[in-house]
Amino acid sequence: MIPFVDLKAQYHSIKTEIDEAVIRVLESSQFVLGKEVAAFEEDFAGYCGSKYALGVNSGTSALHLALLAAGVGPGDEVITTTFTFVATVAAIEYVGAKPVLVDIEPASFNLDVARIEAAITPRTRAIIPVHLYGQPADMDPILELARRRNLIVIEDAAQAHGATYKGRRAGSIGHLGCFSFYPGKNLGAYGEGGLVTTDNPEYARTIRMLRDWGAERKYQHVLKGYNYRLEGIQGAILRVKLRYLEAWTEARRAHARRYNELLESSAVQTPEEMPYARHVYHVYAVRAARREALQQALSAQSIQTNIHYPIPIHLLPAHADLGHRRGDFPQAEAAADQVLSLPMFPELTDEQIATVAAAVRSNGA
Ligand SMILES: *Cc1c(COP(=O)(O)O)cnc(C)c1O
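So, a few notes on the structure that sits alongside this text.

Parameters at a glance
Residues numbered from 1 in each chain as written. Predicted model: local features only at pLDDT ≥ 70, side-chain atom pairs only at ≥ 80, totals over all residues. Heavy atoms only, no water. Axes fitted to C-alpha atoms, helices over the stretch in contact; angles between N-to-C directions. Helix = DSSP H or I, 4+ residues; strand = E, 2+ residues; numbered from the N terminus. Parallel < 35°, antiparallel > 145°, perpendicular 65-115°, else oblique. Left-handed = near helix turned anticlockwise from the far one by under 90°. Contact = heavy atoms within 4.5 Å. Nonpolar A, V, L, I, M, F, W, Y, C, P; charged D, E, K, R; others polar. Buried < 20%, exposed > 50% of the residue type's maximum accessible area, 1.4 Å probe, protein only. Polar contact = N/O pair within 3.5 Å; in protein donor to acceptor, adjacent residues only side chain to side chain. Near = heavy atom within 4 Å. Areas by Shrake-Rupley, 256 points an atom, 1.4 Å probe, with all protein chains shown as cover. Core = buried A, V, L, I, M, F, W, Y, C linked by side-chain atoms within 4.5 Å. Domains from an automatic or database assignment. Phe/Tyr/Trp six-rings, centres within 6.5 Å; stacked < 30°, edge-to-face > 60°. Lys NZ or Arg CZ within 6 Å of the ring centre and 35° of its normal.

1. Description of the packing of helix H2 (residues 15-28) against helix H8 (residues 232-242)
For any two helices packed against each other, one specifies the inter-axial angle together with the distance between the axes.
Part 1 of the reasoning: Here H2 crosses H8 at 150°, and the two axes come no closer than 9 Å. One finds that H2 runs roughly antiparallel with respect to H8. In this structure, H2 meets H8 at a crossing whose hand is right-handed. When H2 is examined against H8, the residues Glu17, Ile18, Ala21, Val22, Val25 and Leu26 are found in contact with a partner set consisting of Gly232, Ile233, Ala236, Ile237, Val240 and Lys241.
Part 2 of the reasoning: Taken together, the residues of the contact of H2 with H8 sort by class into nine nonpolar, one polar and two charged.

Dropping the structure here:
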């Protein structure tokens, strides 16, 4: 069997350090926030090239608090892509704002920059580009537009730890960056976790309060806040794993190059790394005309695959209230019908890649 991801293999490769880190937290009894979380925040800020990093309990919470810190609320509109995980849009609704969806640019699967301006209204307050699959959106024109129209840019970097755009790290490019440490993400906790990056001291101060019941000091509740704190054990684990992130990212990139070579001029279309991007291949998605048949054939050969995502946001029953219909965003709809994510994780072997590629080639027509 070739799994889609193999979290156990990764744990075993770093078991001694992880076990020590967890025991350190158990002995310290700093189970929520605390020293290990603070140390991880400092390390992650340094890695990203951001002034501040605030750990929270999920990527969704990171997006929620970034929007609140940016002052987005009821009556505001936030522009984002329809081809994303549902959390991006859910967070916009948590603050009472209205998601305004935009289609993707097919080569990158990311926000089509040329279509953003037409979606701006006097109520628009922010843009959330999603660095889908681990490839940054085309940020310079987005930042230019945001400057011109006085909008806040919040990066959804939940899939893009370590990715770069023209040399700048994902999460450090917009006004705020949001990360998820869900176990399967490129940097994954052993439980839930998330983080917000920013260079803005006011945003950092607000998020620091909001994640911990809006308190400036214990029982001094300045804001109406949340219980969105990152656990000490997760901070300690993430700090160990951050030291391996570059090596794991290079392994993912090498696997992607190998897949690309082996699938050249096959019936599937391999992903494109844009000239401005360092893609970190959280997901390696090919396009296949007969996607369901291919997925079934791979499954019959014990190769696990996934679809990210089979239904764009505008066609989900949960978001029917946005008033869209099939045909509104044709590029996202085509992508949703065609994409298939192949096994991708740092510990994947050359032999496994060759097996997957051969299976795709013999079934991909
Ligand atoms: C995973 C993910 C999130 C949500 O992160 P959680 O930690 O699961 O809350 C948000 N946006 C994108 C694009 C994601 O992939």
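2. Topic: helix H7 (residues 201-210)
Part 1 of the reasoning: For H7, the full list of buried residues reads Tyr203, Ala204, Thr206, Ile207, Met209 and Leu210.
Part 2 of the reasoning: Buried residues belonging to H7 abut strand S1 (52-56), helix H4 (59-69), strand S7 (152-156), strand S10 (176-180), strand S11 (194-198) and strand S12 (215-217).
Part 3 of the reasoning: Its side-chain oxygen placed 2.8 Å from the backbone nitrogen of glutamate 202, asparagine 200 serves as the N-cap of H7.

3. Let's talk about the site of the ligand
Part 1 of the reasoning: Lining the immediate environment of the ligand, one finds 15 residues, of which Gly59, Thr60, Gln159, Ser180 and Lys185 sit closest.
Part 2 of the reasoning: In the model, an oxygen atom of the ligand is placed 2.6 Å from a nitrogen or oxygen of the serine 180 side chain.
Part 3 of the reasoning: Residue lysine 185 places a side-chain N or O atom 3.1 Å away from an oxygen atom belonging to the ligand.
Part 4 of the reasoning: When the ligand sits alone it has 380 Å² of accessible area, and the protein chains cover 92% of it.

4. Points about the packing of H4 against H7
Part 1 of the reasoning: Closest axis-to-axis distance for the H4/H7 pair is 9 Å, and the angle between their directions is 130°. For the element pair H4 / H7, the angle class is oblique. With respect to the hand of their crossing, H4 and H7 are arranged in right-handed fashion. Where H4 abuts H7, its residues Leu65, Ala66, Leu68 and Ala69 lie against Tyr203, Thr206, Ile207 and Leu210.
Part 2 of the reasoning: Partitioned by chemical class, the residues of the contact of H4 with H7 number seven nonpolar, one polar and no charged.

5. Regarding the nonpolar core
Part 1 of the reasoning: Counting 42 residues, the largest nonpolar core has Phe83, Tyr259, Leu263, Tyr284 and Leu342 as its most contacted members.
Part 2 of the reasoning: When contributions to this core are tallied by element, the ones reaching two or more residues are helix H9 (245-262), strand S15 (284-287), helix H10 (291-300), helix H11 (330-338), strand S16 (339-342) and helix H12 (350-363).
Part 3 of the reasoning: No other element matches H12, which puts five residues into this core.
Part 4 of the reasoning: Per-domain counts for this core show at least three residues from each of domain 1 (7-102 + 110-242) and domain 2 (245-362).
Part 5 of the reasoning: Apart from the residues within four sequence positions on either side, leucine 263 is in contact with Val268, Thr270, Tyr284, Val286, Leu342, Ala357, Val360 and Arg361.
Part 6 of the reasoning: By size, the runner-up hydrophobic cluster in this structure holds 27 residues, among which are Ala97, Val196, Ile207 and Tyr228.

6. Quick notes on the packing of aromatic side chains
Two numbers describe a pair of aromatic rings. These are the distance of the centres and the angle of the planes.
Part 1 of the reasoning: Within the structure shown, the criterion is met by 14 aromatic pairs.
Part 2 of the reasoning: Seen from their ring centres, tyrosine 165 and tyrosine 276 are 5.1 Å apart, and the 50° between their planes marks the pair as tilted. Here tyrosine 276 lies in the loop between H9 and strand S14 (277-278) and tyrosine 165 lies in strand S8 (residues 164-165), a separation of 111 residues in the sequence.
Part 3 of the reasoning: Classification of tyrosine 276 by relative accessible area gives buried; the value is 15%.
Part 4 of the reasoning: Following the ring pairs from residue to residue traces out a cluster consisting of Phe40, Phe44, Tyr47, Phe179 and Phe181.
Part 5 of the reasoning: Above the ring of tyrosine 47, the side-chain terminus of arginine 169 is found at 4.1 Å from the ring centroid.

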